Structures are given as structure tokens and as C-alpha cells.
Amino acid sequence: QVQLVESGGGLVQPGGSLRLSCAASGFTFSRYAMRWYRQAPGKERELVAGITNTGGSTNYADSVKGRFSISRDNAKNTMFLQMNSLKPEDTAVYYCNIPYAGYWGQGTQVTVSS
């Protein structure tokens, strides 16, 4: 069955960096666009970044442009989110997603705090 497993979250100080990973299985990863979402306490889930199946095109929420970078390794069935210059408002649970397919990972917590 389809599985998406996020990892790499943690506690980081403002200005720091983290790299999230999403390990995919149970489907042909290289055929699907992928997305990262996040959900902060008391807020709706929001789209952070997306990437096409080949990795040739990416898009970002305005709030993370220039600080976050989405990428993928189709040989390893893994997607990444490099997060730099982290801010307290980036604190959230981060999820990977297959667009329009209804599959979500369990999420990984990112906390940005001094």
C-alpha cells in the first residue's frame, strides 16, 4: 500500500536550518508530482512547496520563497525540503502529500524557538 514517511524534524533556533525527508513506497514515485504542507497549532493546513514528477519545476508559498528548497531523488523514492533561515512562524507539523490522491504521511514536527 501507499506509504509516505516524513523525517528530519526537530527543535532549531531562529536562523537555523533543517532538512526534511519524505520516503515513499507502494507506488511509482517517479510518475507523481509531490507536495509539502504544514499545519501550525490552531491553523489550517497550508501548502508549502510542490515539485513535478521529474523535479524540473517547483513552486513555493510566498512565505517560504528564498528560504526553502524542495527536491527529489527518484532513484531513492525520496523527496526533500531544505529549510534555511528558519523563523518561529515556521513552527508546524510538516506533511508530504501526493496531490489529488488523498495520501498523507504522519508528519514531522518542526519547532523554531530560542
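Scroll up to find the structure this text is about.
Asker: Can you explain the sheet that holds strand E3 (residues 18-25)? Please cite residues and give values.
Answerer: With antiparallel pairing, four strands are arranged side by side in an open sheet as E1-E3-E8-E7. Lying at the two open borders of the sheet, with one neighbouring strand each, are strand E1 (3-7) and strand E7 (68-73). Direction aside, the axes of adjacent strands within the sheet are offset by 15° on average. Note: E7 against strand E8 (residues 78-83), six bridges, orientation antiparallel. Counterpart to Asp 73 in the pairing with E8 is Thr 78.

Asker: Would you mind going over the state of the cysteines in detail, with residue names and values included?
Answerer: Under the counting rule described, the total for this entry stands at one disulfide. Across the disulfide from Cys 22 sits Cys 96; the S-S distance is 2.1 Å. Its torsion about the S-S bond being 65°, the disulfide of Cys 22 and Cys 96 is classed as right-handed. Here Cys 22, found in strand E3, pairs with Cys 96, found in strand E9 (residues 92-98); they are 74 residues apart in sequence, far enough to count as distant. Classification of Cys 22 by relative accessible area gives buried; the value is 0%.

Asker: So what's going on with the nonpolar core? Residues and values would help.
Answerer: General note: in soluble globular proteins, nonpolar side chains tend to be found buried as a group. Counting 28 residues, the largest nonpolar core has Met 34, Trp 36, Met 79, Leu 81, Met 83 and Tyr 94 as its most contacted members. Listing elements by their share of this core, those giving two or more residues are E3, strand E4 (34-39), strand E5 (46-51), E7, E8, E9 and strand E11 (108-112).

Asker: Got a sec to walk through the pairing of E3? Specific residues and values, please.
Answerer: Relative to E3, E1 runs antiparallel, the two sharing five bridges. In the sheet register, Gln 3 faces E3, and the bridge partner there is Ser 25. Inspection of the sheet shows E3 paired to E8 by six bridges, in the antiparallel sense. Across the sheet, residue Leu 18 finds its bridge partner in E8, namely Met 83.

Asker: Describe the packing of aromatic side chains, listing the residues and the values that go with them.
Answerer: Here a ring pair, both rings aromatic, is described through the centre-centre distance and the interplanar angle of the planes. Overall, the coordinates contain four aromatic pairs when judged by the stated rule. Ring centres of Tyr 37 and Trp 104 lie 4.9 Å apart, and the angle between their planes is 65°; on these two criteria the pair is classed as edge-to-face. Pair noted here: Tyr 37 is in strand E4 and Trp 104 is in strand E10 (residues 103-104), with a separation of 67 residues, a long-range link. Its relative accessible area of 14% is what places Tyr 37 among the buried residues. Ring-pair connections join several aromatic residues into one group, and the members of that group are Phe 27, Phe 29 and Tyr 32.

Quick notes on the rules
- Residues numbered from 1 in each chain as written.
- Predicted model: local features only at pLDDT ≥ 70, side-chain atom pairs only at ≥ 80, totals over all residues.
- Heavy atoms only, no water.
- Pairing = 2+ DSSP bridges.
- Helix = DSSP H or I, 4+ residues; strand = E, 2+ residues; numbered from the N terminus.
- Axes fitted to C-alpha atoms, helices over the stretch in contact; angles between N-to-C directions.
- Disulfide = S-S within 2.5 Å.
- Buried < 20%, exposed > 50% of the residue type's maximum accessible area, 1.4 Å probe, protein only.
- Core = buried A, V, L, I, M, F, W, Y, C linked by side-chain atoms within 4.5 Å.
- Phe/Tyr/Trp six-rings, centres within 6.5 Å; stacked < 30°, edge-to-face > 60°.

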